[in-house]
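Architecture and fold: a report
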Amino acid sequence: MASELGPETLEILRKDPLKSALTATALQNFQMAKQFSDNKQALTSIDFDPTGQHCITTSLDESLRIYDCMSGTRAQVSYSKKYGCNLARFAGQPGCVAYASTKLNDTVRYLSYETNQFIRYFVGHTGMVTSLQRAPDAQSLVSAGMDGTVRMWSVDEVKPTGTVSVGGDGVVAAIDPSGVVVAAAVAGTREIRLYDVRKLTRGAFASAVLDTRATCAGLEFARPTGAHMVLAMSDGTVLVVDAFALGVRAVLVDTAPGTDRSAADLSAPVLQQMQGRRFGQGVTTTPDGRTVIAGCENGSVAYWDIEAAVARSGAGPRGAAPAVCAPTGVWSGSHDGPVGVCAFNPELMECASGAQALTLWTSI
């Protein structure tokens, strides 16, 4: 069942955060506006379409559910019982999504949810797909997997348009807001590498090794400039990394009660373990690139001011370790378990988070 969404809240949801700035006060006043309890198991991914009018979720119950963010209703549900589903992303033409398989093989499937028919299969990965992200042009995708490869795809072609073997014990990847640079975080070596999309096979043009024992389970460029990357780590921290110098600028820690996210084993299978526990999908940034948002084990959602966190590190002595920053604030609500997935609407004053239930947040 979904809770009621009043007309005043709908009006707020239609605000564009790029016109109505996401101020500190606006973020502090975020509250639950809508909650859907129709999933039978925990959510594994959330994505908004480029217009911000729809979002899609995947769940361990092998469902893909699409919600109308303007009316606050569920628009459609379909199941992928044969292949499983994860990392669903709107891509290509309206009404189409790509998602990773979790059973039988590691194929990325391209689906028309309006007709419930597959359009194309993107075959190539030989290990679990750990990352799937839509490029800014919405016609391309970047994927990464436990097979140690990063692949670029056009929604119009079956074969990848570019592939690079990164190695390690699996890899996660993201594409920057310009659509020109792909970042890859390599498990095992703790290395970050940057690739030019146009010269993917020529190797990385920049790289750095993180000073940490933890494994990166997910990364994202902060929009709109891509000046920073945020890395969700297996020890529960979030690293803010300078996307040009590849240095860690701040370490974000979640101090809410019950947030012990440390991994018992930081050996080779960690990335796959973290993916299974939905690490990496629970961290996102706001459209203005100023705030990191992350789900918490206790059912709340925490957020950090990136500029303030980076400024704290810059205020320290030269060569000092990056500042360790507690959350700027916490949104407390009635999530039914650990919050494993988060995403911020690219156009509306709205954030989505999920444990088993999907919750829409807005500033009241």
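Structure report, in brief. (Residues numbered from 1 in each chain as written. Predicted model: local features only at pLDDT ≥ 70, side-chain atom pairs only at ≥ 80, totals over all residues. Heavy atoms only, no water.)

Bringing the pattern of salt bridges into the picture now. Tallied over the full model, the rule gives 10 salt bridges. Glu62 is the salt-bridge partner of Lys81, the closest N and O atoms lying 4.0 Å from each other. Of the two residues, Lys81 is situated in the loop between strand S5 (73-79) and strand S6 (86-90) and Glu62 in the loop between strand S3 (54-59) and strand S4 (63-68); the sequence distance between them amounts to 19 residues. The partner of Asp147 in a salt bridge is Arg151, and the shortest N-O contact between them spans 4.0 Å. On the accessibility criterion, Arg151 (12% relative accessible area) is buried. Via salt bridges that share partners, Asp38, Asp61, Arg65 and Arg74 belong to a single interconnected network. (Salt bridge = Lys/Arg side-chain N within 4 Å of Asp/Glu carboxyl O. Helix = DSSP H or I, 4+ residues; strand = E, 2+ residues; numbered from the N terminus. Buried < 20%, exposed > 50% of the residue type's maximum accessible area, 1.4 Å probe, protein only.)

Okay, the environment of Glu62 next. Residue Glu62 is classed as buried on the basis of its relative accessible area, which comes to 15%. If near-sequence neighbours (up to four positions away) are discounted, Glu62 is found in contact with Ser78, Tyr79, Ser80, Lys81, Gly84, Cys85 and Lys103. Polar contacts involving the side chain of Glu62 include one to the side chain of Lys103, which spans 3.0 Å. (Contact = heavy atoms within 4.5 Å. Polar contact = N/O pair within 3.5 Å; in protein donor to acceptor, adjacent residues only side chain to side chain.)

Attention now moves to the nonpolar core. Core analysis: the biggest nonpolar cluster contains 20 residues, and Leu219, Met229 and Leu231 have the highest contact counts within it. Secondary structure elements with two or more residues in this core: strand S14 (171-175), strand S15 (181-186), strand S16 (191-196), strand S18 (216-221), strand S19 (228-233) and strand S20 (238-242). Those residues in contact with Leu219, other than ones at most four positions away along the chain, are Gln133, Val172, Ala173, Ala174, Ala183, Ala185, Met229, Val230 and Leu231. Residues Val230, Ala250, Val292 and Cys325 belong to the second largest nonpolar core, which totals 17 residues. (Core = buried A, V, L, I, M, F, W, Y, C linked by side-chain atoms within 4.5 Å.)

Looking at the largest pocket, its volume works out to about 1000 Å³. Around the largest pocket, the lining is made up of 42 residues, and of these Asp47, Gln133, Arg134, Glu220 and Arg223 lie nearest the centre. For the lining of the largest pocket, the secondary-structure elements that each account for two or more residues are strand S2 (43-48), S6, strand S10 (129-134), S14, S18, S19, strand S22 (283-285) and strand S27 (341-344). (1 Å grid on protein atoms, 1.4 Å probe; cavity = no way out; pocket = protein on both sides within 12 Å on 5 of 7 lines; lining within 4 Å. Points joined across faces, edges and corners; volume = space filled by probe spheres on them.)

Ordered in space as S1-S29-S28-S27, the four strands form an open sheet in which the pairing is antiparallel. Strands with a single pairing partner mark the edges of an open sheet, and in this sheet they are strand S1 (30-36) and S27. On average, each strand axis in the sheet is inclined to that of its neighbour by 20 degrees, with strand direction left out of account. Relative to strand S29 (residues 358-363), S1 is paired through six bridges, and the arrangement is antiparallel. Within the sheet, the bridge partner assigned to Gln35 lies in S29 and is Thr359. (Pairing = 2+ DSSP bridges. Axes fitted to C-alpha atoms, helices over the stretch in contact; angles between N-to-C directions.)

As a further point, take helix H4 (residues 306-314). Along H4, the residues that are buried comprise Ile306, Ala309, Val310 and Ser313. Down the axis of H4, the buried side of the element spans an arc of 95 degrees, and every buried residue falls inside it. Residues of H4 that are exposed and point over 90 degrees away from its buried face: Glu307 and Arg312. Contacts from the buried residues of H4 go to S19, S20, strand S21 (248-252), strand S23 (291-295), strand S24 (301-305) and strand S25 (323-325). Between the side-chain oxygen of the N-cap and the backbone nitrogen of Glu307 there are 3.0 Å, and the N-cap of H4 in question is Asp305. (Arc of directions from axis to C-beta.)

This paragraph deals with the packing of aromatic side chains. Here the structure, examined in full by the defined rule, presents 11 aromatic pairs. When the ring of Phe36 is compared with that of Tyr67, the centres are 4.6 Å apart and the planes differ by 50 degrees; the resulting orientation is tilted. One end of the pair, Phe36, is in strand S1; the other, Tyr67, is in strand S4, with 31 residues separating them in the sequence. Across the pair, Tyr67 and Phe36 agree in class, each one buried. On the numbers, 6.4 Å between centres and 45 degrees between planes, the contact of Tyr99 with Phe118 is tilted. Here the residue Tyr99 occupies a position in strand S7 (residues 96-100), and Phe118 occupies one in strand S9 (residues 117-122), the gap between them amounting to 19 residues. The structure contains a cluster of three or more aromatic residues connected by ring pairs, namely Phe30, Tyr303, Trp331, Phe344 and Trp361. Above the face of the Tyr83 ring, Arg109 is positioned so that its terminal group lies 3.4 Å from the ring centre. Positioned above the aromatic ring of Phe118 is the side chain of Arg109, whose terminal nitrogen or guanidinium carbon lies 6.0 Å from the ring centre. (Phe/Tyr/Trp six-rings, centres within 6.5 Å; stacked < 30°, edge-to-face > 60°. Lys NZ or Arg CZ within 6 Å of the ring centre and 35° of its normal.)

That is the geometry; function is a separate question.
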